[in-house]
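Observations on the model geometry
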Amino acid sequence: MSLFDRRIQVYGPETVSVGDFDITVEGCYRNVFIQVLEVRPKHKLYVSIDSDNPVDVAVANEDNSSAGHKDRITKDTLGPFDTRKYSTMGLFVGVYRGDKAKVKIEVWMER
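So, here is what we can say about the structure in this document. (Residues numbered from 1 in each chain as written. Predicted model: local features only at pLDDT ≥ 70, side-chain atom pairs only at ≥ 80, totals over all residues. Heavy atoms only, no water.)

**A closer look at the pairing of strand 7 (residues 88-94)**
Look at any regular strand and the pattern is simple: side chains alternate between the two faces of the sheet. Within strand 7, 5 of the 7 residues are buried, leaving the element largely enclosed by the surrounding structure. Sheet analysis places strand 5 (residues 44-60) next to strand 7, joined by 5 bridges and oriented antiparallel. Within the sheet, the bridge partner assigned to Val 59 lies in strand 7 and is Leu 91. (Buried < 20%, exposed > 50% of the residue type's maximum accessible area, 1.4 Å probe, protein only. Helix = DSSP H or I, 4+ residues; strand = E, 2+ residues; numbered from the N terminus. Pairing = 2+ DSSP bridges.)

**Remarks on the nonpolar core**
Of all hydrophobic cores here, the largest spans 26 residues; its most connected members are Leu 45, Ile 49, Val 55, Leu 91, Val 93, Val 103 and Ile 105. When contributions to this core are tallied by element, the ones reaching two or more residues are strand 1 (7-18), strand 4 (32-38), strand 5, strand 6 (66-82), strand 7 and strand 8 (101-110). Residue contributions to this core peak at 6 residues, all from strand 5. Beyond its immediate sequence surroundings of up to four residues, Val 103 is in contact with Glu 14, Thr 15, Val 16, Val 18, Ile 49, Asp 50, Ser 51, Val 55 and Val 93. (Core = buried A, V, L, I, M, F, W, Y, C linked by side-chain atoms within 4.5 Å. Contact = heavy atoms within 4.5 Å.)

**Quick word on the environment of Glu 106**
Within the secondary structure, Glu 106 is located in strand 8. Distance from Glu 106 to Gln 9, taken between C-alpha atoms, is 8.1 Å for residues 97 residues apart in sequence. Sequence-distant contacts of Glu 106, that is, excluding residues within four places in its chain, are made with Arg 7, Gln 9, Tyr 11, Pro 13, Tyr 46, Val 47 and Ser 48. Here Arg 7 takes part through its side chain, which lies 3.0 Å from a polar atom of the side chain of Glu 106. (Polar contact = N/O pair within 3.5 Å; in protein donor to acceptor, adjacent residues only side chain to side chain.)

**A short note on unusual backbone geometry**
The step from Gly 12 to Pro 13 runs through a cis peptide bond, and the omega angle for that step is 5°. Residue Pro 80 follows Gly 79 across a cis peptide bond; omega there is 5°. Summarising the element assignment, Pro 80 is placed in strand 6. A positive phi angle is found at Lys 42, which is not glycine, with a value near 60°. Relative to the elements of secondary structure, Lys 42 occurs in the loop between strand 4 and strand 5. Although it is not a glycine, Arg 84 adopts a positive phi angle of roughly 45°. Checked against the element boundaries, Arg 84 lands in the loop between strand 6 and strand 7. Exposure remark for Arg 84: the relative accessible area of 45% places this residue in the partly exposed category.

Here you go:
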C-alpha cells in the first residue's frame, strides 16, 4: 500500500452468487446478499458492482436509514455515501425471485 494511496479497502473485490436455490430458506431462494461493512467516521464510501444480470443495490446507515440505492444495474459505481459518525453500514444486493446473478462487489472509502 502506497503512502499516498487515498483508498481504504472495506470489502472485496469478491464475486458472490445471488438467487441460488436453497431449500433451507423460506421461499427456497437466496435472493438477497447482505454484508455488514466496517467503516470509519467522516469518510466517503463507494460501492462498485459488476454483474452478469441486473441487480438491486442498497446501502444502509448504522441507524437503519437508507444512504442510497439503485435498481436494475449490471455495472456501476455508487457513492459517495457519507459515513458520518458511523462505524458500520450495510450493503444489500438482491434479485427478483427466480433470477440469478454472479456479482463482483468492491467497497472502499476515500481518506
